[in-house]
Amino acid sequence: QVQLVESGGGLVQAGGSLRLSCAASGSIFSINAMGWYRQAPGKQRGLVAEITTNGATTYADSVKDRFTISRDNARSTLYLQMNSLKPEDTAVYFCNTGRDSWYKGPWGQGTQVTVSS
């Protein structure tokens, strides 16, 4: 019954910004850390940002100081503010529980982020 729906992606020039949203259902927010993952063509899906239920955050080195993850527990919504975007950020972005969570929801369709030079 868990559903994860990502939105907010698009085409942007290098140096631009985007804000991604993830709407989660099925009570997945109640006890889980949440994270943003991305998958570029020909590469494996990897975690880029994570946030605990209490708001502690961690980031992959490649996005640190540029991306900010946040959550609205009342609305079961996850956000990713992306600033100073680079072409290497181009990927499909997904949300799900954190890397070490015992439960993983079904992967959604993700939202495409394309950064041009």
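Shown above is the structure to which this text applies.
Residues numbered from 1 in each chain as written. Predicted model: local features only at pLDDT ≥ 70, side-chain atom pairs only at ≥ 80, totals over all residues. Heavy atoms only, no water.

Counting residues in hydrophobic clusters, the biggest one holds 28 residues, and the most contacted among them are Leu4, Trp36, Ile69, Leu78, Leu80, Met82 and Tyr93. For this core, the elements supplying multiple residues, two or more each, are strand S3 (18-25), strand S4 (34-39), strand S5 (46-51), strand S7 (67-72), strand S8 (77-82), strand S9 (91-97) and strand S10 (111-116). Per-element tally for this core: the top contributor is S3, with four residues. Setting aside residues no more than four positions away along its own chain, Ile69 makes contact with Met34, Gly35, Trp36, Ala49, Glu50, Ile51, Thr57, Tyr59, Leu78, Tyr79 and Leu80. (Core = buried A, V, L, I, M, F, W, Y, C linked by side-chain atoms within 4.5 Å. Buried < 20%, exposed > 50% of the residue type's maximum accessible area, 1.4 Å probe, protein only. Helix = DSSP H or I, 4+ residues; strand = E, 2+ residues; numbered from the N terminus. Contact = heavy atoms within 4.5 Å.)

Moving on, we come to the packing of aromatic side chains. Centre distance and the angle of the planes are the two values used to describe a pair of aromatic rings. Scanning all chains against the criterion turns up three aromatic pairs. Seen in terms of ring centroids, Tyr37 and Trp107 are 5.1 Å apart; in terms of plane orientation they differ by 90 degrees. Their pairing is edge-to-face. Pair noted here: Tyr37 is in strand S4 and Trp107 is in the loop between S9 and S10, with a separation of 70 residues, a long-range link. Given the relative accessible area of 7%, Tyr37 is considered buried. Judged by relative accessible area, which is 34%, Trp107 ranks as partly exposed. Measuring from ring centre to ring centre gives 5.8 Å for Trp102 and Tyr103, while their planes differ by 55 degrees; the resulting arrangement is tilted. (Phe/Tyr/Trp six-rings, centres within 6.5 Å; stacked < 30°, edge-to-face > 60°.)

What follows is about the sheet that holds S3. Strands sit in the order S1-S3-S8-S7 across an open sheet of four strands; the sheet is antiparallel. A strand with exactly one partner marks an edge of an open sheet, and here the two such strands are strand S1 (3-7) and S7. Strand-to-strand twist in this sheet, taken as the mean axis angle between neighbours without regard to direction, amounts to 15 degrees. When S3 meets S8, the two strands line up antiparallel, connected through six bridges. (Pairing = 2+ DSSP bridges. Axes fitted to C-alpha atoms, helices over the stretch in contact; angles between N-to-C directions.)

As a further point, take the pairing of S4. Strand residues, when the strand is regular, have side chains that alternate between the two faces of the sheet. Counting buried residues along S4, five of its six residues qualify, which places the element largely inside the surrounding structure. In this structure, the hairpin formed by S4 and S5 is closed by a connection of six residues, where Gly42 is found at a positive phi of approximately 75 degrees. Pairing analysis gives six bridges linking S4 to S9, with the strands arranged antiparallel. Each residue of the ladder has a partner; that of Gln39, found in S9, is Val92.

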